[in-house]
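Below, each chain spelled out in residue letters.
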Amino acid sequence: MNTRGMSRLLKWLLISCLAGSSRVYAQMDGAIPYVHEKTHVLPSGKKVDVNLRERHCKNGECREVDGGMWGMDSGIPRVITETLRVRIEGRPFPIPEKFYKDFTNTHAVNVSEDKERIILEVKGGDGAGAYTARFVLGGMCGFERRICGEVCEEIWERTTWYNSFAYETDPLCKSGIQ
């Protein structure tokens, strides 16, 4: 368990013990916004910087959802993903907002590689609202986003995004995602 996760657990335990009831936790301001700022060094030696930040919803900003956000079944989200920035070997890898603004209640970010592709995995929610979002980053040419449940037995959503700006500067992008 990382330091932030341990801090959340200790805060919950302290409040539960002092109040004598877990109902106090539900009455608190809500979820603690998740922050992941880390440089991952992959077995190939590549360095991948990931900055994912959630924030509390501003007053009236977040509306009730019913299947419109990953990480909850229904209700009004208390936190939303504000930032997802990725740098590969110091070069920014653009991921447009529309591909992460629908994440809430994030609790883990992992980075790995498979056949020179970088896999960015974001996990969030719990129970019926749990999700796993896998971004398969294909060079600087684009990516594929796959969303599934906590255990990925079937893909719920699959989106491919091509970085047309890279096509002009990178001759390897002519064939799409590498």
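Residue numbering note: each chain is counted from 1, following its sequence as written. Where local features are concerned, this predicted model is filtered to residues with pLDDT of at least 70; where side-chain atom pairs are given and counted, the filter is 80 or more; whole-chain, interface and lining totals use all residues. Side-chain numbers come from the whole structure's heavy atoms, not from hydrogens or water.

J.: Hey, could you run me through the confidence of the model for the protein in this one?
T.: Keep in mind that low pLDDT regions are not for reading the predicted coordinates in detail. Taken as a whole, the protein shows an average pLDDT of 77; of its residues, 71% reach a score of 70 or greater. Put simply, helix H2 (residues 23–27) is where the protein has its lowest mean pLDDT, 27, and strand S1 (residues 35–41) is where it has its highest, 95. Overall, residues 12–29 carries pLDDT values under 50, and its contacts beyond four positions in sequence, including any with other chains, amount to 11 contacts. Every residue is assigned a pLDDT by the predictor, reflecting its confidence on a scale from 0 to 100. Working definition: helices are DSSP H or I runs of at least four residues, strands are E runs of at least two. Numbering for both runs from the N terminus. We call two residues in contact whenever any of their non-hydrogen atoms come within 4.5 Å of each other.

J.: Any chance you could explain the sheet that holds strand S5 (residues 79–88) here in plain terms?
T.: Two modes of strand pairing occur in sheets, parallel and antiparallel, and in both the strands are linked by backbone hydrogen bonds. For two strands to pair, DSSP has to find at least two bridges joining them. Strand order across the open sheet formed by four strands is S1-S2-S5-S6, with antiparallel pairing between neighbours. A single partner strand is all that each edge strand has here, and the edge strands are S1 and strand S6 (91–93). Pairwise comparison of adjacent strand axes, ignoring direction, gives a mean angle of 20° for this sheet. As paired elements, S5 and S6 share three bridges and run antiparallel to each other. Bridging from a neighbouring strand, Arg87 pairs with Pro92 of S6. A fitted line through C-alpha atoms serves as each axis, taken over the contacting stretch for helices, and the angle formed by two N-to-C directions is quoted from 0 to 180°.

J.: What should I look at first to understand the nonpolar core in this one?
T.: Soluble globular proteins tend to pack their nonpolar side chains together in the buried interior. Each nonpolar core is a collection of buried residues, namely Ala, Val, Leu, Ile, Met, Phe, Trp, Tyr and Cys, held together in the definition by side-chain atoms within 4.5 Å. Partly exposed describes any residue whose relative accessible area lies between the buried limit of under 20% and the exposed limit of over 50%, with all areas from a 1.4 Å probe on protein chains only and scaled to the type maximum. Leu84, Val86, Ile95, Phe103, Leu120, Phe135 and Leu137 are the most contacted members of the largest nonpolar core, which has 26 residues in total. Looking at this core, the elements with two or more residues in it are strand S2 (47–56), S5, strand S7 (106–114), strand S8 (117–124), strand S9 (131–138) and strand S10 (142–148). Apart from the residues within four sequence positions on either side, Leu84 is in contact with Val50, Asn51, Leu52, Ile95, Tyr100, Leu120 and Phe135. Ranked by size, the runner-up nonpolar core spans six residues in total, among them Cys57, Cys62, Met69 and Met72.

J.: Explanation requested: the sheet that holds S8 in the structure shown.
T.: Ordered by their spatial adjacency, five strands build an open sheet running S7-S8-S9-S10-S11, and the pairing between neighbours is antiparallel. Looking at the sheet topology across the chains shown, the edges are occupied by S7 and strand S11 (155–162). Strand after strand, the sheet turns through a mean of 15° between neighbouring axes, direction not considered. Alignment of S9 against S10, held across seven bridges, turns out to be antiparallel. Directly across from Leu137, in S10, lies its bridge partner Phe143.

J.: Please clarify how the pairing of S1 should be interpreted in this entry.
T.: Taken residue by residue, a regular strand's side chains alternate between the two faces of the sheet. Inspection of the sheet shows S1 paired to S2 by seven bridges, in the antiparallel sense. When the sheet's bridge partners are listed, His36 is paired in S2 with Leu52. The loop that links S1 with its antiparallel partner S2 comprises five residues; one of these, Gly45, has a positive phi angle of about 100°.

J.: Could you clarify how one ought to interpret the pairing of S8 in this entry?
T.: Judged by how many residues are buried, S8 sits mostly within the fold: six of eight residues are covered. Across eight bridges, S7 lies against S8 in antiparallel orientation. Opposite Ala108, over in S8, you have Lys123 as the bridge partner. Once S7 ends, the chain turns through two residues before running back antiparallel as S8, passing Lys115 with a positive phi of about 50°. Counting the residues in the hairpin turn of S8 and S9 gives six residues, including Gly125, whose phi is positive at 65°.

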